[in-house]
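# Results of the structural survey
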Amino acid sequence: MSANRVIGVDLGGTKILAGVIEDGTVTQTVEHPTPITSQDALLDGLAKAVRELPLDGIAAVGFGIPSRIDHVHGIALGSVNTPLRDVPFEREMEARLNLPVAVENDATCAAYAEYVHGVGRGTNDFVMLTLGTGVGGGVVSGGSLYRAWTELGHMVIVEDGEPCQGACSGRGHVEAYCSGTAANRLARQTLGPDATAHDLIDQSHPVLATIGHHLGVTIGSLVNIFGAERFAIGGGFGVAAFDQLVPAARTAVLREALPTSGQAVEIECALLGADAGLIGAGLVALEAL
Ligand SMILES: [Zn+2]
């Protein structure tokens, strides 16, 4: 058995992506729609995706899931956009797969992958924000993965602002302003009922600067908390709209971040694309061995 051969699984709100990772390289992947009818259907669907990959010589399986994690007990505490709630995730998946299992928040996995193999390389203090269906985040602090909840998408940036989505009761959270879902809503308000975020991006529409401003306010606050020297913006919407979000974001960062970090902080587009989550899940599985 090669201790370097693991499976990483990235659970998204719409799809499960699983892959074999050997020495940091993804060699084979499978993809399925995410079952959202029940928690059991979701756990079974995850196991099914893993079993479609060659399990020979696999040392462990890492899952990146959109949930807060109780790391001591391997419990998925709750997810805004999938039916996971207080489930002993590691135990349930080990029983289904008969392999060692590690679990971490999906955006934290993506951040770790970018730190080790992508745009975060060479930094010590690094934050990634993923702008997709929701907004996720991960933090590397002092060269180590910060294994807290890091639900950066549910940070309040507008007091009593727009309602958040899914199972979140909050208002004015980053997710309500900077997610692809929020961008779709802005597109409908701006261009008409059939418009999507893609239309805003295709037109380089100036209204995207309002999302960029909210993103910059978020980054400015995170600079003040973590002293991060570089930020990566990932996720489907984040990567597609990156060039149109960043100018307004930089202006807001200059105002909100304490001097002189606002001038110094780098904002970069994520490099690893759709594989970041599963690569990071594999790294987490390797570290747990
Ligand atoms: Zn929220």
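The sections below set out a description of the structure shown in this document. (Residues numbered from 1 in each chain as written. Predicted model: local features only at pLDDT ≥ 70, side-chain atom pairs only at ≥ 80, totals over all residues. Heavy atoms only, no water.)

## Things to note about the sheet that holds strand β2 (residues 15-22)
Taken together, five strands build an open sheet; the order of strands is β3-β2-β1-β4-β8 and the sheet is mixed. The sheet is open, and its two borders are formed by β3 (25-33) and β8 (101-105), each paired with just one other strand. Taking the axes of each pair of neighbouring strands and ignoring which way they run, one obtains an average angle of 20° across the sheet. Direction of pairing for β2 relative to β3: antiparallel, over a ladder of eight bridges. Its bridge partner lying in β3, Ile16 is registered against His32. Contacts between helix α1 (residues 39-51) and the sheet are confined to β1 (5-11), β2, β3 and β4 (61-65), with β1 contributing the most and set at about 140° to the helix. Sitting on the sheet, helix α2 (residues 89-97) touches β4 and β8, and the angle it makes with β8 is about 140°. (Pairing = 2+ DSSP bridges. Helix = DSSP H or I, 4+ residues; strand = E, 2+ residues; numbered from the N terminus. Axes fitted to C-alpha atoms, helices over the stretch in contact; angles between N-to-C directions. Contact = heavy atoms within 4.5 Å.)

## Things to note about the nonpolar core
With 42 residues, the main nonpolar core has Leu131, Leu215, Ile219 and Phe237 as its most contacted residues. Every element with two or more residues in this core is listed here: β9 (126-131), β10 (135-141), α4 (175-178), α5 (180-191), α6 (197-202), α7 (208-226), β12 (230-234) and α9 (242-256). Examining the composition of this core, we find that eight residues originate from one element, α7, more than from any other. Beyond its immediate chain neighbours, meaning those up to four positions away, Leu215 contacts Leu129, Leu131, Cys178, Ile233, Leu245 and Ala249. The next biggest cluster of nonpolar side chains, apart from the first, holds 28 residues, and it includes Leu11, Met93, Leu99 and Val103. (Core = buried A, V, L, I, M, F, W, Y, C linked by side-chain atoms within 4.5 Å. Buried < 20%, exposed > 50% of the residue type's maximum accessible area, 1.4 Å probe, protein only.)

## Here's the deal with the coordination of the zinc ion
Coordination of the zinc ion by the protein involves His154 (ND1), Cys164 (SG), Cys168 (SG) and His173 (ND1), with metal-donor separations of 2.0 to 2.3 Å. What the four donor atoms of the zinc ion show is an angle range of 100 to 117° at the metal, which sorts the shape as tetrahedral. When the donors of the zinc ion are listed by position in the chain, the intervening gaps give H-x9-C-x3-C-x4-H. By relative accessible area, His173 is classed as buried at 9%. (Donors = N, O, S within 2.8 Å, 3.2 Å for Na, K, Ca; no water. Tetrahedral: all angles 85-135°; square planar, octahedral: opposite > 155°, others 65-115°.)

## Structural notes on the sheet that holds β12
Judged by pairing direction, the sheet is mixed, and its five strands sit side by side in the order β11-β10-β9-β12-β13 without closing on themselves. The two strands at the open ends of the sheet, each matched to only one other strand, are β11 (144-145) and β13 (266-269). As defined by bridge partners, β9 adjoins β10 across six bridges and the pair is classed as antiparallel. Each residue of the ladder has a partner; that of Phe126, found in β10, is Val140. Set on the sheet, helix α3 (residues 106-117) makes contact with β9, β10 and β11; between it and β10 the angle comes to about 45°.

## With respect to the packing of aromatic side chains
If you walk through the whole model with that rule in mind, you get four aromatic pairs. Between Phe63 and Phe89, the aromatic rings sit 5.2 Å apart at their centres with planes inclined by 80°, giving edge-to-face as the arrangement. Highlighted residues: Phe63 in strand β4 and Phe89 in helix α2, separated in sequence by 26 residues. Taken individually, Phe63 and Phe89 each receive the classification buried, so the pair is uniform in this respect. Ring centres 6.4 Å apart and planes at 10° place the aromatic pair Tyr112 and Tyr115 in the stacked group. Residue Tyr112 and its partner Tyr115 are both found in helix α3; the two are separated by three residues, about one turn of the helix. On the basis of relative accessibility, which here comes to 9%, the residue Tyr112 falls in the buried class. Ring-pair connections join several aromatic residues into one group, and the members of that group are Tyr112, Tyr115 and Phe126. Here Arg68 stacks its cationic end above the ring of Trp149, 5.0 Å away from the centre of that ring. (Phe/Tyr/Trp six-rings, centres within 6.5 Å; stacked < 30°, edge-to-face > 60°. Lys NZ or Arg CZ within 6 Å of the ring centre and 35° of its normal.)

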